[in-house]
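Listed below are the residues making up each chain.
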Amino acid sequence: MRSADDVLLLIDLQYDFMPGGALAVAHGDEVVPVANRLAQAFSHVVLTQDWHPAQHVSFAASHAGRQPFETIALPYGEQVLWPTHCVQGTAGADLHRDLHVPHARAIIRKGHHADVDSYSAFLEADRATPTGLSGYLRETGANGGAHGGVKRVYCCGLATDYCVAWSALDARAAGFEAVLIEDASRAIDLNGSLAAAWEQLRAAGVKRAQSAEVLRGAA
Ligand code: VGL
Ligand code: ZN
């Protein structure tokens, strides 16, 4: 079992990101059994859910004449327009039924502000609004805040080049060690986004690991 310094962050294992879903990630369902195995090795697991209101600013359908996968300029920067996905309370926003992590301690829902997207589990796309996750991780962990909380965040899930990468980068920026578990994640890979994400992750000091290494305590 991993020490209480470590948390496993399982990102967006929701039907809309699975094959057949509204924003399907190729082979996304293959990560569910890997996530289940990893979760058995961590006492501290946190889940995330992409959780948008129906007219969310990241949806192409919210912008007249715009198509999915185009980009637009928003006050906080460039935004990819996505197919409508993970609408609050819909079946597509549900976690995959084969995900078995009954000991998960928290579920962070993100992207719930209508006018701001949030790939990251830590900080919304305006790069100013925290989700509360870093405060939660600092206050919990080994023996609670008084003894220092979580030190290392293991990230995996969907999608490698968006929500997983941004979460790992923001974990680093918040002062945690960060590890991205590659084979427990799958990518969207839009216009070179996967290679760009790996370059950013490397530059930020996020470790790239495989689930087997994590499971045998080598990463
Ligand atoms: C995600 C695009 C839009 C993700 C979420 O989970 O990676 N990507 N919303
Ligand atoms: Zn989304």
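Residues numbered from 1 in each chain as written. Chains lettered and ligands numbered in written order. Predicted model: local features only at pLDDT ≥ 70, side-chain atom pairs only at ≥ 80, totals over all residues. Heavy atoms only, no water.

### Observations concerning the sheet that holds strand β5 (residues 106-110)
We count it as follows: Any two strands between which DSSP finds at least two bridges are classified as paired. Per the convention used, a helix needs a DSSP run of H or I reaching at least four residues, while a strand needs a run of E reaching at least two, with both numbered from the N terminus. Note on definitions: angles span 0 to 180 degrees between N-to-C directions of axes, and those axes are lines fitted to C-alpha atoms, for helices only across the stretch in contact. Any two residues whose heavy atoms approach within 4.5 Å at even a single point are treated as in contact.
Pairing in this open sheet of six strands is parallel, and the strands run β5-β2-β1-β6-β7-β8 from one edge to the other. Edge positions in the sheet fall to β5 and β8 (207-209), since each of these pairs with one other strand and no more. Pairs of neighbouring strands in the sheet enclose a mean axial angle of 25°, with direction left out of account. Across four bridges, the pairing between strand β1 (residues 6-11) and strand β2 (residues 45-50) is parallel. Considered in β2, the bridge of Leu9 is made with Val46. In the packing of helix α1 (residues 31-40) onto the sheet, the strands contacted are β1, β2, β6 (152-158) and β7 (177-186), and the crossing angle to β7 comes to about 140°.

### So, the site of ligand 1
Formally: We define proximity as follows: a residue is near a molecule or strand when any one of its heavy atoms falls within 4 Å of that partner. Polar contact is the term for a pair of N or O atoms within 3.5 Å; when the atoms are in protein, one must be able to donate a hydrogen and the other to accept it, and sequence-neighboring residues count only if both atoms are side-chain atoms. To measure how exposed things are, a 1.4 Å probe is used in the Shrake-Rupley method; for residues, cover is taken only from the protein chains shown. Residue classes follow a fixed rule: Ala, Val, Leu, Ile, Met, Phe, Trp, Tyr, Cys and Pro count as nonpolar, while Asp, Glu, Lys and Arg count as charged, and any other residue, Gly among them, counts as polar.
As a matter of local geometry, ligand 1 sits amid Asp12, Phe17, Leu23, Asp50, Trp82, His85, Tyr119, Leu158, Ala159, Tyr162, Cys163 and Ile188. At a separation of 3.2 Å, an oxygen atom of ligand 1 approaches a polar backbone atom of Leu158. For ligand 1, whose free accessible area comes to 260 Å², the fraction covered by protein is 100%. Across the shell around ligand 1, the residue classes break down as nine nonpolar, one polar and two charged.

### Structural notes on the coordination of the zinc ion (ligand 2)
Note the cut-off: Atoms of type N, O and S within 2.8 Å of a metal are treated as its donors, and for Na, K and Ca the window is 3.2 Å; water is not considered, so some sites may appear to be missing partners. Here a site with four donors is tetrahedral if all angles are between 85 and 135 degrees, and a site with four or six donors is square planar or octahedral if opposite donors are over 155 degrees apart and the other angles are between 65 and 115; anything else gets the irregular label. Think of it in three bands: with a 1.4 Å probe and only protein chains considered, a residue is buried below 20% of the maximum accessible area for its type, exposed above 50%, and partly exposed in between.
Within the protein, the atoms that donate to the zinc ion (ligand 2) are Asp50 (OD), His52 (NE2) and His85 (NE2), at distances of 2.0 to 2.2 Å. Taken together, the four donor atoms surrounding the zinc ion (ligand 2) define angles of 87 to 170° at the centre, an arrangement classified as irregular. The sequence motif formed by the donor residues of the zinc ion (ligand 2) is D-x1-H-x32-H. Asp50 sits in the buried class, given a relative accessible area of 3%.

### Considering the nonpolar core
What counts, and what does not: Only buried residues count toward a nonpolar core. Its members are Ala, Val, Leu, Ile, Met, Phe, Trp, Tyr and Cys residues joined through side-chain atoms within 4.5 Å.
Counting residues in hydrophobic clusters, the biggest one holds 62 residues, and the most contacted among them are Leu8, Leu9, Leu10 and Val153. Tallying contributions element by element places helix α3 (residues 160-173) first for this core, with seven residues. When sequence neighbours within four positions are dropped, the list of residues in contact with Val153 reads Val7, Leu9, Leu137, Ala171, Phe176, Glu177, Ala178 and Val179. The next biggest cluster of nonpolar side chains, apart from the first, holds five residues, and it includes Val57, Ala60, Ile72 and Leu74.

### Concerning the pattern of salt bridges
As a reminder, the rule being used: A side-chain nitrogen of Lys or Arg and a carboxyl oxygen of Asp or Glu constitute a salt bridge if their distance falls within 4 Å.
Per the stated rule, a full pass over the model turns up twelve salt bridges. Its salt-bridge partner being Lys207, residue Glu177 comes within 3.8 Å of it at the nearest N-O pair. Of this pair, Glu177 sits in strand β7 while Lys207 sits in strand β8, placing them 30 residues apart in sequence. When the shortest N-O distance is used, the salt bridge between Arg202 and Glu199 registers 2.7 Å. Of this pair, Arg202 and Glu199 both sit in helix α4 (residues 193-204), three residues apart, which is roughly one turn of the helix. Exposure remark for Arg202: the relative accessible area of 55% places this residue in the exposed category. Take Glu199: its relative accessible area is 42%, and that puts it in the partly exposed class. Each of Arg2, Asp6, Arg152, Glu177 and Lys207 takes part in one network of salt bridges that share partners.

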